[in-house]
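Summary of structural features
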Amino acid sequence: MTVVSMSQGELSRYDTLQRVERGDLRIDDAAMVLGLGRRQVFRLLDRMRAVGAEGLVSQKRGRPSNRRYSDAFRDRVIVLMREHYAGFGPTLAREYLDERHGIRVASETLRQMMIAAGLWQDREARRPRPYQPRYRRDCRGELVQVDGSKHWWFEDRGPQCTLLVYIDDATSELMHLEMVESESTFSYMRATRTYIERHGKPVALYSDKHSAFRNNNATADGDGMTHLGRALHALNVEIICANSPQAKGRVERANATLQDRLVKAMRLEGISSIEQANAFLPSYMARHNHRFAKPAFDPRDLHRPLAPHENIEAEMVWREERTVTASLTLHYNKAMFILEPNRVSSALARKRVQICEYPDGRIEIRHEGNALPYRVFDKMRQVNQAAIVDNKHLDAALEMARMIQQTTPHHRKRNNSEPSRSSQSFSMFAATTTSTAAKVDGRTLCKPKLNRGPRLSDEEIVARGFAEYAPSSISS
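Structure report, in brief. (Residues numbered from 1 in each chain as written. Predicted model: local features only at pLDDT ≥ 70, side-chain atom pairs only at ≥ 80, totals over all residues. Heavy atoms only, no water.)

1. Overview of the packing of helix α1 (residues 8–22) against helix α2 (residues 27–34)
Rules: Lines are fitted to the C-alpha atoms to define the axes, a helix being fitted only along its stretch in contact, and any angle between axes, read from their N-to-C directions, falls within 0 to 180 degrees. Put simply, DSSP H or I for four residues or longer makes a helix, DSSP E for two residues or longer makes a strand, and each gets a number counted from the N terminus. Should an angle lie under 35 degrees it is considered roughly parallel, over 145 roughly antiparallel, and from 65 to 115 roughly perpendicular; all remaining angles are considered oblique. Here, two residues are considered to be in contact whenever any of their heavy atoms come within 4.5 Å of each other. All amino acids are sorted into three groups, where Ala, Val, Leu, Ile, Met, Phe, Trp, Tyr, Cys and Pro are nonpolar, Asp, Glu, Lys and Arg are charged, and the leftover types, Gly among them, are polar.
Between α1 and α2, the least distance of the axes is 10 Å, while the angle of their chain directions is 170°. Between α1 and α2, the angle falls in the class roughly antiparallel. The segment α1 lies against α2, with Arg13, Thr16, Leu17 and Val20 engaging Ile27, Ala30, Val33 and Leu34. Grouping the constituent residues of the contact of α1 with α2 by class yields six nonpolar, one polar and one charged.

Structure below.
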């Protein structure tokens, strides 16, 4: 059985010719119905009698148009598009092809050429991906969405800062708000600790791919966890990272609401600093939750209290390992830590210890849960050895010292992998207030450049009594 694909007009033509064949319709009437001449109707009848219904299908179907551009012309246009107009739209590319290459082609024709060559996508393919809304979680504390919103929260009354937002997915309840200088690991550690001490441990935190939650450059050398991720793993709290901002839309919409309502509320209260904002946020959260929070589908609260063996203060730290030298010293962030000799530290030579830096700036050196006493020798704060300068060069030495003092030394920079400490109340690694300048080259200081004078002629050299140095006398 053969299946013939026919258009609606071809089916109508076939039905009309069948009526002519049965004698129900005259040739003149069929020609008038089909809009054809008598001779064409006879041709179609002959083709239908010889081949059948397939003979009425247009012979041009599946064949290129007679007005189609040649393959050589299309290849030339595509080559020009790839070499000179990558990323151009069809309308703009058409203008440049006409102006610079003398190629005239319609925008729609060029669009079809570009789509066939993979240089353009039609409107359907460029349509943004649809994000289907999902149902809320059933219980409070099952999933808590976390995000940091950087904004001018104090408008022109204070600096730009970041608001850390913790919102429950089941109820849209603001669980914790904290204003910080920047979105950093220590900021999230302090805010998460406050959240857990107030509400308990949630089942999971739902965040973006911020470096505090996800190690985006994980290698095979480590466990691939961030410092915050390691702390939450020890407390049995899961971290889930969203693949797009739309996936954590509940906290994103909350940020938009807070950027409108919270800014105006702090304006009415005259709040202009982070300390004043953090004191005001609990009362604002209560008012916000009364207005926007929803009841959960399941009344159970899945927040869990801290277990007796869990020490949240000891876990919420920036932790790195170092090897103790034979002289009971170790190095961290360009500072030398000298362990006080005692029964425990004397046995740690060539062994690994943990350096724990707290969000408030304190530093502990631990081994098997024991804190070791130490003292610090900061290599970036050492005093240079006094120089011995001859009396004849004292002026030059003083001038060089003055110029060096006006320029920040180039070596005062900690390790690149150090954490951001802008939110710490105290830190021995606090950044200096002076701006970092370029490296000072002492060889260029106090050395004025000598300008070369004009070259003397042979007569002037002889006149000055240096005839033996004249080129003419040397050559003779």
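2. Examining the side chain of Lys201
Heads up, the condition is: Each residue gets one of three labels from its accessible area relative to the maximum for its type: buried under 20%, exposed over 50%, partly exposed in between, using a 1.4 Å probe on protein chains only. Under this definition, polar contacts are N or O atom pairs within 3.5 Å; protein pairs additionally need one hydrogen-donor-capable and one acceptor-capable atom, and for neighbouring residues in sequence, both atoms have to be side-chain atoms.
Within the secondary structure, Lys201 is located in the loop between α8 (185–199) and β5 (204–207). The exposure class of Lys201 is buried, given its relative accessible area of 4%. Polar side-chain contacts of Lys201 include one of 3.1 Å to the backbone oxygen of Leu235. A polar atom in the side chain of Lys201 sits 3.0 Å from the side chain of Glu310. Once residues within four sequence positions are removed from consideration, Lys201 is found in contact with Ile196, Leu235, Asn236, Val237, Leu302, His303, Arg304, Pro305, Leu306 and Glu310.

3. Describing the side chain of His210
Positionally, His210 belongs in the loop between β5 and α9 (227–234). Once residues within four sequence positions are removed from consideration, His210 is found in contact with Glu183 and Tyr188.

4. What about the nonpolar core?
Soluble globular proteins tend to pack their nonpolar side chains together in the buried interior. To be explicit about the condition: We define the nonpolar core as a collection of buried residues of types Ala, Val, Leu, Ile, Met, Phe, Trp, Tyr and Cys that are connected through side-chain atoms lying within 4.5 Å of one another.
One finds Tyr166, Tyr188, Leu228, Met316, Leu330 and Ile365 to be the most contacted residues of the largest nonpolar core, which totals 37 residues. Among the elements that take part in this core, α8 stands out by supplying six residues, more than any other. Once residues within four sequence positions are removed from consideration, Leu228 is found in contact with Thr185, Tyr188, Met189, Ala212, Phe213 and Met316. Judged by nonpolar contacts, the second largest core, of 23 residues, contains Cys161, Leu177, Ala254 and Leu262.

5. Let's talk about helix α5 (residues 90–101)
How we decide: Every helix has an expected span of 1.5 Å times one less than the residues it contains. By construction, the arc corresponds to the directions joining the helix axis to the C-beta atoms.
For α5, with twelve residues, the first-to-last C-alpha span of 15 Å sits near the 16 Å given by 1.5 Å per residue. Pro90, Ala93 and Leu97 are the residues of α5 that are buried. The buried residues of α5 occupy an angular sector of 60° when projected down its axis, which confines them to one face. Looking at the packing, one finds that the buried side of α5 touches α4 (71–84) and α6 (107–116).

6. Comments concerning the packing of aromatic side chains
Applicable threshold: Within 6.5 Å between ring centres, the rings of Phe, Tyr and Trp (the latter by its six-membered ring) count as paired, and their orientation is classed by plane angle as stacked under 30 degrees, edge-to-face over 60, tilted in between. Our definition puts a charge over a ring when NZ of Lys or CZ of Arg is within 6 Å of the ring centre and also within 35 degrees of the ring normal.
With the rule as written, the count across this model stands at ten aromatic pairs. Residues Tyr69 and Phe73 carry aromatic rings whose centres are separated by 4.6 Å and whose planes lie at 25° to one another, so their mutual orientation is stacked. With relative accessibility at 30%, the residue Tyr69 sits in the partly exposed group. Grouping aromatic residues by their ring pairs yields a cluster made of Tyr85, Phe88 and Tyr96. Taking NZ or CZ as reference, Arg291 lies 4.8 Å from the ring centre of Phe292, over its face. The ring of Tyr358 carries Arg362 above its face, with NZ or CZ at 4.0 Å from the centroid.

7. A short note on unusual backbone geometry
Residues other than glycine seldom take positive phi values, yet Lys334 does so here, at roughly 60°. Looking at the secondary structure, you find Lys334 in the loop between β9 (329–332) and β10 (335–339). In this structure, Glu368 is a non-glycine residue whose phi angle is positive, near 55°. Topologically, Glu368 is positioned in the loop between β12 (363–367) and β13 (370–372). What makes Glu368 exposed here is its relative accessible area of 70%.

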